[in-house]
Amino acid sequence: MNILPPALIFSRLISKTLSPVAVLHRSSPADTVNPAELFGSAKKAVLIGVPGAFTPGCSKTHVPGYLKHYSELKEKGVDLIGCVSVNDAFVMNAWAKQLEVGDKITMLADPQGKFVKDLGLDFDASAALGSYRSKRFALVLENGKITKVFVEPNNTGLSVSLAENVLKEL
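- The chain is annotated in an unreviewed UniProt entry as Thioredoxin-dependent peroxiredoxin of Modicella reniformis.
- Per UniProt, the chain has the following entry under Function (unreviewed entry): "Thiol-specific peroxidase that catalyzes the reduction of hydrogen peroxide and organic hydroperoxides to water and alcohols, respectively. Plays a role in cell protection against oxidative stress by detoxifying peroxides."
- The annotation that UniProt attaches to the chain under Sequence similarities (unreviewed entry) is "Belongs to the peroxiredoxin family. Prx5 subfamily."

Written as structure tokens, this is what we have:
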């Protein structure tokens, strides 16, 4: 079982680059992207992780907060905002349409959870969501390296990883 205190997760991830091993999906399983290349090409990026597409906290608060503060994030130099979830590409696309993210947030499917597991940001959500899922988090990356980490202490809460809190640290 992967239970690490937030301070340990934080210190372990700073200066880390994203692994090229886990491939993420965009519009379909055939539309793959290497996260190291995607986020490495951005001078400054924010990657948010969510426990599940269409779940209440993710759909009503977390992702909408990043849409609401999109202009402010851009003003702070953020070139790319990504959202990853342990879901398939088709679910992520349907969710993106419902949330009307357009080209503001790059929706990324991690169908087997390999990407979030590699970061140590997965947790057992099988009782509520049927499998291991992503903890709710936000990462700030500069030139592909993680510079700031915001991980919800209870995995799914809506406090430290909100757009407002990330903005304060940019």
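**Overview of the UniProt feature "active site" (unreviewed entry) in the chain**
Logical step 1: Per the UniProt record, the feature "active site" (unreviewed entry) sits at C58.
Logical step 2: Its location among the elements puts C58 in helix α3 (residues 56-68).
Logical step 3: Sequence-distant contacts of C58, that is, excluding residues within four places in its chain, are made with V50, P51, G52, V63, P64, W95 and R136.

**Brief notes about the pairing of strand β9 (residues 145-151)**
Logical step 1: Here strand β8 (residues 137-142) pairs with β9 via six bridges, running antiparallel. Residue pairing for β9: E142 is matched across the bridge by K145.
Logical step 2: Once β8 ends, the chain turns through two residues before running back antiparallel as β9, passing N143 with a positive phi of about 50 degrees.

**Concerning the nonpolar core**
Logical step 1: Within the largest apolar cluster, 28 residues are counted, with the highest numbers of intra-cluster contacts made by V63, Y66, C83, W95, V101, I105 and M107.
Logical step 2: Counting residues per element, the ones that place at least two in this core are β3 (44-50), α3, α4 (70-75), β4 (80-85), α5 (89-99), β5 (106-109), β8 and α8 (163-169).
Logical step 3: For this core, the element with the most residues is α5, which contributes five residues.
Logical step 4: For Y66, the residues in contact, after removing those within four places along its chain, are V46, I48, L73, I105, A138, S161, L162, A163 and V166.

**Describing the environment of A53**
Logical step 1: Structurally, the position occupied by A53 is in the loop between β3 and α3.
Logical step 2: Measuring from C-alpha to C-alpha, the distance between A53 and V91 comes to 7.1 Å, with 38 residues separating the pair along the chain.
Logical step 3: Setting aside its immediate chain neighbours within four residues, A53 contacts S85, N87, V91, M92 and W95.

**Considering the packing of aromatic side chains**
Logical step 1: If you walk through the whole model with that rule in mind, you get one aromatic pair.
Logical step 2: Aromatic side chains F54 and W95 sit 6.4 Å apart centroid to centroid with 50 degrees between the ring planes, which places their arrangement in the tilted category. In this pair, F54 is assigned in the loop between β3 and α3 and W95 in helix α5, connecting sequence segments 41 residues apart.
Logical step 3: In this structure F54 comes out as partly exposed when scored by relative accessible area, which is 40%.

Scoring rules and cut-offs
- Residues numbered from 1 in each chain as written.
- Predicted model: local features only at pLDDT ≥ 70, side-chain atom pairs only at ≥ 80, totals over all residues.
- Heavy atoms only, no water.
- UniProt positions renumbered as here; feature names shortened; annotations may be inferred.
- Helix = DSSP H or I, 4+ residues; strand = E, 2+ residues; numbered from the N terminus.
- Contact = heavy atoms within 4.5 Å.
- Pairing = 2+ DSSP bridges.
- Core = buried A, V, L, I, M, F, W, Y, C linked by side-chain atoms within 4.5 Å.
- Buried < 20%, exposed > 50% of the residue type's maximum accessible area, 1.4 Å probe, protein only.
- Phe/Tyr/Trp six-rings, centres within 6.5 Å; stacked < 30°, edge-to-face > 60°.

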